[in-house]
Amino acid sequence: MVAVKKGYTLTVVSWENDADNYNTKTKTVDTIEEAKVWWNMMQLCSNGSETLGNSYGEFSRKQQKIAIDFMNENRSILIPLEDRIVDDEMLVDWFCDLAGELLGHSEYYACRVMDSCKVTYSPVDIEVEDVKFS
C-alpha cells in the first residue's frame, strides 16, 4: 500500500461557519510550480476581509474578481485547455470546484476556510506494510 505518493503533497485543514466541521484533505502534484499555484489558491481561501473563505451563499463581485483573476493568471496549470474560451462565471465555478478538492464543499458556503496548508515533498512513492501479530 502506498502511504506517501511521489511528488509534492498539499495537506489542507479547513472549516466553515464558526470554525465548525473541520476537515483534512490532501492532493499530490508532480511539480513545484503546480504545488505553488495550489498553495496560493489556498491562501485566497483563508479567513479575512480580502479573501474568499467563509463566504456564505455566493461570492460578492469583489470576491468573484479575485477568483477570476487567479484563474486567468494560472490557466496553464489549472485549465487543461489553455486556449479554450471561457466566461467569468465558468472561471468562478472552476475556482470553487478546484478549491473544493482541498477544502471540501459546503451546503451553505461558497468556499470553506483554509485553516492551514502544508506542502511536503517525496522523491519516491513510500510503501508501508501492515504488520499483524497473532
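Overview of the structure. For every chain, the first residue of its written sequence is number 1, and the numbers climb from 1 along that sequence. The predicted nature of this model means local features are confined to residues of pLDDT at least 70 and side-chain atom pairs, given and counted, to a pLDDT of 80 or more, with totals for whole chains, interfaces and linings taken over all residues. The side-chain figures draw on all heavy atoms in the structure; neither hydrogens nor water molecules are used.

1. Topic: the pattern of salt bridges
Just to be clear on terms, a salt bridge is a Lys or Arg side-chain nitrogen sitting within 4 Å of an Asp or Glu carboxyl oxygen. This structure, assessed with the given rule, holds three salt bridges. For Glu16, the salt bridge goes to Arg112, with nearest N and O atoms at 2.7 Å. In this pair, Glu16 is assigned in strand S2 (residues 7–16) and Arg112 in the loop between strand S5 (109–111) and strand S6 (113–122), connecting sequence segments 96 residues apart. No difference in accessibility class separates Glu16 from Arg112, as the two residues are buried. The numbering of helices and of strands both runs from the N terminus, where a helix is a DSSP run of H or I of at least 4 residues and a strand a run of E of at least 2. Each residue gets one of three labels from its accessible area relative to the maximum for its type: buried under 20%, exposed over 50%, partly exposed in between, using a 1.4 Å probe on protein chains only.

2. Considerations on helix H2 (residues 61–73)
Helical geometry: 3.6 residues make up each α-helical turn, so side chains three or four residues apart lie on a common side. Over its 13 residues, H2 extends 18 Å from the first C-alpha to the last, a length consistent with the 18 Å expected when each residue adds 1.5 Å. Every buried residue of H2 is accounted for by Gln63, Ala67, Ile68, Phe70 and Met71. Looking straight down H2, one finds that the buried residues subtend no more than 165° of arc, so they occupy a single side. Across H2 from its buried face, at more than 90 degrees, point the exposed residues Arg61, Lys62, Lys65 and Glu73. Two residues qualify as a contact provided that any one of their heavy atoms is within 4.5 Å of a heavy atom in the partner residue. Where H2 is buried, its residues meet helix H1 (32–44), strand S4 (55–56), helix H3 (75–78) and helix H4 (88–103). An expected span of 1.5 Å times one less than the residue number is assigned to each helix. As used here, the arc is the angular range of directions from the helix axis to the C-beta atoms.

3. Regarding unusual backbone geometry
Of note, Asn17 is a non-glycine position whose phi angle comes to about 65°, a positive value. With respect to the helices, strands and loops of the structure, Asn17 is situated in the loop between S2 and strand S3 (20–29). By relative accessible area, Asn17 is classed as partly exposed at 29%. Here the phi dihedral of Asn54 falls at roughly 70°; this positive angle occurs in a residue that is not glycine. Mapped onto the elements of the fold, Asn54 is located in the loop between H1 and S4. On the basis of relative accessible area, Asn54 is assigned to the partly exposed category, the value being 22%.

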